[in-house]
Amino acid sequence: MTAPVHPDADPGWRPLLAGRIAGRLAALRLVFAAVVMGVLLLGVVVAVLERSDDGEPTGSPVLAVVVAAAGAGALATGELVGRRQLDCSSDPALANSYSSRFFVRLALAETPALLGFAGYVAVGRVELYLVGAAFALVGLSRAAPTVRRLAAETERLRGEGCGRDLRRALRAAAGGVS
């Protein structure tokens, strides 16, 4: 027999695995999972193209430093965005401000992988994608709407005088960003 689950408890990622997408939190997690899969599937495309490529890479390996610098910039910017104050005036405002911040962080995190992929396609150096993907996966891990991260964000909000629960606000909000 399992212990009863509190109605305000964050169900984590299990509803997604069961195909139940209800509320903003589940929608954010679904989008997050799709972006991670996109980064990984780009790696599959690179591997397939690399196997079929008979030519020598044309670009300088120094381009990997450019991708790494862009990745570091994206990570730093994502961290700054992640510290942005959330609107705690109401549950819908809290959910909207978190969602907006989440999508900006997601876009920033994905950028190095896309840049690395474009570099790979342009000059044939697989390390460009690998460097970009590594930075992207770190950024994505920092932006993930995990149970632990949302609990920490709720505690941070409480420390700032906000009595709202971010998890509850996200679960109650409709799936889209209004």
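Residues numbered from 1 in each chain as written. Predicted model: local features only at pLDDT ≥ 70, side-chain atom pairs only at ≥ 80, totals over all residues. Heavy atoms only, no water.

Participant: Explain the overall build of the chain to me, and be specific about the residues and the numbers.
Facilitator: Helix and strand counts for the chain come out as seven helices and zero strands. The order of α-helices and β-strands along the chain, N terminus first, is α-α-α-α-α-α-α. Expressed as a percentage of its 178 residues, the buried residues of the chain come to 38%. Relative to all contacts within the chain whose residues are 6 or more apart in sequence, the contacts with residues 24 or more apart total 75%. As presented, the chain carries roughly 9600 Å² of accessible surface, and 66% of it is formed by carbon and sulfur atoms. (Helix = DSSP H or I, 4+ residues; strand = E, 2+ residues; numbered from the N terminus. Buried < 20%, exposed > 50% of the residue type's maximum accessible area, 1.4 Å probe, protein only. Contact = heavy atoms within 4.5 Å. Areas by Shrake-Rupley, 256 points an atom, 1.4 Å probe, with all protein chains shown as cover.)

Participant: Kindly report on the packing of aromatic side chains, identifying the contributing residues and their values.
Facilitator: Across all of its chains, the model carries three aromatic pairs by this definition. Where phenylalanine 102 meets phenylalanine 103, the ring centres are 5.3 Å apart and the plane angle is 70 degrees; that geometry is what we call edge-to-face. Classification of phenylalanine 102 by relative accessible area gives buried; the value is 2%. Judged by centre distance (6.4 Å) and plane angle (85 degrees), the rings of phenylalanine 117 and tyrosine 129 are edge-to-face. In this pair, phenylalanine 117 sits in helix 4 (residues 91-123) while tyrosine 129 sits in helix 5 (residues 126-143), placing the two residues twelve residues apart along the sequence. Judged by relative accessible area, phenylalanine 117 falls into the buried class, the value being 19%. An aromatic cluster is built from Tyr98, Phe102 and Phe103, whose rings are joined through pairwise contacts. (Phe/Tyr/Trp six-rings, centres within 6.5 Å; stacked < 30°, edge-to-face > 60°.)

Participant: So what's going on with the environment of leucine 157? Which residues, and what values?
Facilitator: Tracing the chain through its elements places leucine 157 in helix 6 (residues 147-159). Relative accessible area serves as the criterion here: at 1%, leucine 157 is assigned to the buried category. Put simply, leucine 157 and glutamine 85 are 72 residues apart on the chain and 9.1 Å apart in space, counted from C-alpha to C-alpha. Not counting residues within four places of it along the chain, the set of residues in contact with leucine 157 comprises Leu86, Leu94, Cys162 and Leu166.

Participant: Could you give me a rundown of the confidence of the model for the chain, with the residues and numbers involved?
Facilitator: In the predicted model, the chain carries a mean pLDDT of 86, and 85% of its residues have values of at least 70. No element of the chain has a lower mean pLDDT than helix 1 (residues 14-17), which averages 61, and none a higher one than helix 5, which averages 96. Across residues 1-7, confidence stays below pLDDT 50; counting only partners more than four residues off in sequence or on other chains, it has one contact. (pLDDT = per-residue confidence, 0-100.)

Participant: Could you give an account of the packing of helix 4 against helix 5, with specific residues and numbers?
Facilitator: The interhelical angle for the contact between helix 4 and helix 5, taken along N-to-C directions, is 170 degrees, at an axis separation of 7 Å. Judged on the interaxial angle alone, helix 5 and helix 4 are roughly antiparallel. Residues Phe102, Arg105, Leu106, Ala109, Pro112, Ala113, Gly116, Phe117, Gly119, Tyr120 and Val123 of helix 4 pack against Val126, Leu128, Tyr129, Gly132, Ala133, Phe135, Ala136, Gly139, Leu140, Arg142 and Ala143 of helix 5. For the contact of helix 4 with helix 5, the per-class residue count stands at 16 nonpolar, four polar and two charged. (Axes fitted to C-alpha atoms, helices over the stretch in contact; angles between N-to-C directions. Parallel < 35°, antiparallel > 145°, perpendicular 65-115°, else oblique. Nonpolar A, V, L, I, M, F, W, Y, C, P; charged D, E, K, R; others polar.)

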